Amino acid sequence: MRQFMPRKIYYEPEVRKYPLGCSLLEKYEAMGIDAEEIENHNRIPQLRKLPDTELVRLKKYLILGVRKSLRLIPNKLSADFIVPFTSSGCSAMCLYCYLLCTFFKGSYLRVFVNREEIMKTICRKAAHLTSSTVFELGSNSDLILENTVTGNLPWVVEQFARLPNATATLATKFHMVDDLLDLNHQGHTQFRISVNPQEIIRQVEIGTSTLKERITAANKLYQAGYRVGINIAPVILLEEWKDLYTGMFRTLNQGLEEGLKQQAFVEIIFMTYGQANRIINPAALPGTIDLFDKQLMRPKGRGKYCYRPEVREKAEGFILEQIRCHLPRASISYIV
């Protein structure tokens, strides 16, 4: 298993009131990793003042805190509700990172140790459910990555297995799923494996698992009885994008198990690129590919860009044709 090993820990003092917080601090202390107390995980002055060039170093830190906001957010795409869950941020350095537009340099991995309180919020909602309801757990982080730090996911899967009308869903760009395969999940957790052409993964999704590793993880989860979706996200229109995505779909067709291909649900998300990405990426990751193309993109709200409607429409048609060709039994959940 590929684990995230932090170079330094920053933690709120309240973390010590929770068993997970204590165990994580003790684990990393035993490894000789420095831990520094902070007042608030959202405001760490000594990190905020660092220049953009330090993003790579910041991504190697782990922040431990207590999540205060526990409000469920209604959603109509991947789930019925988005749950502010046990982590935010990530150690990877995807060049389009959406969290960079919100947290800027503070898009490092934060783990919230009050998992029982967070889960109680879901259980209270589930107690009033009369029909199947899906809860998105990983909107601000990758829980497969987080699991290598906390070991939370087996516990989460078992919690949802006890909730008759509740299903957990999460997307991942990582392959470390082995400790999830023998759980009695009761079909109440589903995974969406995020995919892109390997060349885009190599150049753009820096620090994530390869396409081959993700396909292997998808097959393992399917064999373990989980419902598995394919998250084509984000679709990035580089100069040779048609060839790249044609190759990706061929690889999916060849690599995914037949049963998985027949039951898979597909989500298609086109890239939104932020002004924060345009500013921070060249400073933090000099020499990496520039994803902004003024010929193809237009402003989308404040400080963001998306593909022009006519560009997006042609690309959408191409992607759908590839799905019909290589994954003809798969269902399309949504396209955004």
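Residues numbered from 1 in each chain as written. Predicted model: local features only at pLDDT ≥ 70, side-chain atom pairs only at ≥ 80, totals over all residues. Heavy atoms only, no water.

Visitor: Please explain the pattern of salt bridges as it appears in this structure.
Guide: Should the charged atoms of two oppositely charged side chains come close, the side chains can pair. With the rule as written, the count across this model stands at 14 salt bridges. A salt bridge links Asp 52 to Lys 105, with the shortest nitrogen-to-oxygen separation between them at 3.8 Å. Separated by 53 residues along the polypeptide, Asp 52 in the loop between α2 (45-48) and α3 (55-58) and Lys 105 in the loop between α4 (99-103) and β8 (109-112) bring together distant segments of the chain. Accessibility expressed as a relative area gives 23% for Asp 52, which makes it partly exposed. Between Glu 267 and Arg 192 there is a salt bridge, and its shortest N-O distance comes to 3.1 Å. Residue Glu 267 is located in strand β14 (residues 265-270), and its partner Arg 192 is located in strand β11 (residues 189-195); the two are separated by 75 residues in the primary sequence. As far as the burial class goes, Glu 267 and Arg 192 line up, both buried. (Salt bridge = Lys/Arg side-chain N within 4 Å of Asp/Glu carboxyl O. Helix = DSSP H or I, 4+ residues; strand = E, 2+ residues; numbered from the N terminus. Buried < 20%, exposed > 50% of the residue type's maximum accessible area, 1.4 Å probe, protein only.)

Visitor: When you look at the sheet that holds strand β5 (residues 81-82) in this model, what are you seeing that I'm missing?
Guide: Through backbone hydrogen bonds, the strands of a sheet pair up, either in parallel or in antiparallel fashion. Ordered by their spatial adjacency, 8 strands build an open sheet running β4-β5-β9-β10-β11-β13-β14-β18, and the pairing between neighbours is mixed. The open sheet is flanked by β4 (73-74) and β18 (331-335), the only strands paired with a single partner. In this sheet, β11 lies alongside strand β10 (residues 166-172) in parallel orientation, the contact comprising 5 bridges. In the strand pairing of β11, Thr 169 is matched with Gln 190. Taken strand by strand, helix α7 (residues 152-161) contacts β9 (133-136), β10 and β11, and its axis lies near 150° from that of β10. Packed on one face of the sheet, helix α9 (residues 211-223) meets β11 and β13 (227-235) and runs near 160° to β11. (Pairing = 2+ DSSP bridges. Contact = heavy atoms within 4.5 Å. Axes fitted to C-alpha atoms, helices over the stretch in contact; angles between N-to-C directions.)

Visitor: How should I be thinking about the packing of aromatic side chains in this particular structure?
Guide: Within a pair of aromatic rings, the relevant descriptors are the distance that separates the centres and the angle that separates the planes. Within this structure, the stated rule accounts for 7 aromatic pairs. Here Tyr 10 and Tyr 61 contribute two aromatic rings whose centre-to-centre distance is 5.6 Å and whose plane-to-plane angle is 65°, an arrangement assigned as edge-to-face. Remark: Tyr 61 occurs in strand β3 (residues 61-65) and Tyr 10 occurs in strand β1 (residues 8-11); sequence separation between them is 51 residues. Under the relative-accessibility criterion, Tyr 61 is labelled buried at 7%. When the ring of Tyr 96 is compared with that of Tyr 98, the centres are 5.7 Å apart and the planes differ by 45°; the resulting orientation is tilted. The cationic tip of Arg 115 hangs over the ring face of Trp 155; the distance from NZ or CZ to the ring centre is 4.2 Å. (Phe/Tyr/Trp six-rings, centres within 6.5 Å; stacked < 30°, edge-to-face > 60°. Lys NZ or Arg CZ within 6 Å of the ring centre and 35° of its normal.)

Visitor: Would you take a moment to explain the nonpolar core for this structure?
Guide: Membership of the largest hydrophobic core comes to 105 residues, with the highest contact counts inside it found for Phe 135, Leu 137, Phe 160, Ile 232, Ile 236 and Tyr 245. Setting aside residues up to four positions removed in sequence, Tyr 245 forms contacts with Asn 196, Pro 197, Ile 200, Ile 232, Pro 234, Val 235, Ile 236, Phe 318 and Ile 319. Tyr 10, Leu 58, Ile 63 and Tyr 108 belong to the second largest nonpolar core, which has 9 residues in total. (Core = buried A, V, L, I, M, F, W, Y, C linked by side-chain atoms within 4.5 Å.)

Visitor: When you look at the environment of Cys 123 in this model, what are you seeing that I'm missing?
Guide: Note on placement: Cys 123 falls in helix α5 (residues 115-126). The partly exposed category is assigned to Cys 123, whose relative accessible area is 28%. Sequence separation of Cys 123 and Arg 162 is 39 residues, and the distance between their C-alpha atoms is 9.7 Å.

Visitor: What is the right way to look at the sheet that holds strand β15 (residues 273-274) in this model?
Guide: Spatially, the 3 strands line up as an open sheet ordered β15-β17-β16, and their pairing is antiparallel. Where the open sheet ends on each side, the last strands, each with one partner, are β15 and β16 (297-299). Bridge count between β16 and strand β17 (residues 304-307): 3 bridges; the pairing is antiparallel. Paired with Pro 299 across the two strands is Tyr 305, which belongs to β17.

Visitor: Just to check I follow, could you spell out α5 for this structure?
Guide: For the α-helix, the turn length of 3.6 residues means that residues three or four positions removed from each other point alike. End to end, α5 covers 16 Å across 12 residues, agreeing with the expected 16 Å (1.5 Å per residue, within 8%). Among the residues of α5, Arg 115, Ile 118, Met 119, Thr 121, Ile 122 and Ala 126 are the ones counted as buried. Taken end-on, α5 shows its buried residues confined to a sector of 145°, consistent with a single buried face. Turned more than 90 degrees away from the buried face of α5, the exposed residues are Lys 120 and Arg 124. Along its buried surface, α5 packs onto α1 (19-30), β8, β9, α7 and β10. (Expected span 1.5 Å × (residues − 1). Arc of directions from axis to C-beta.)

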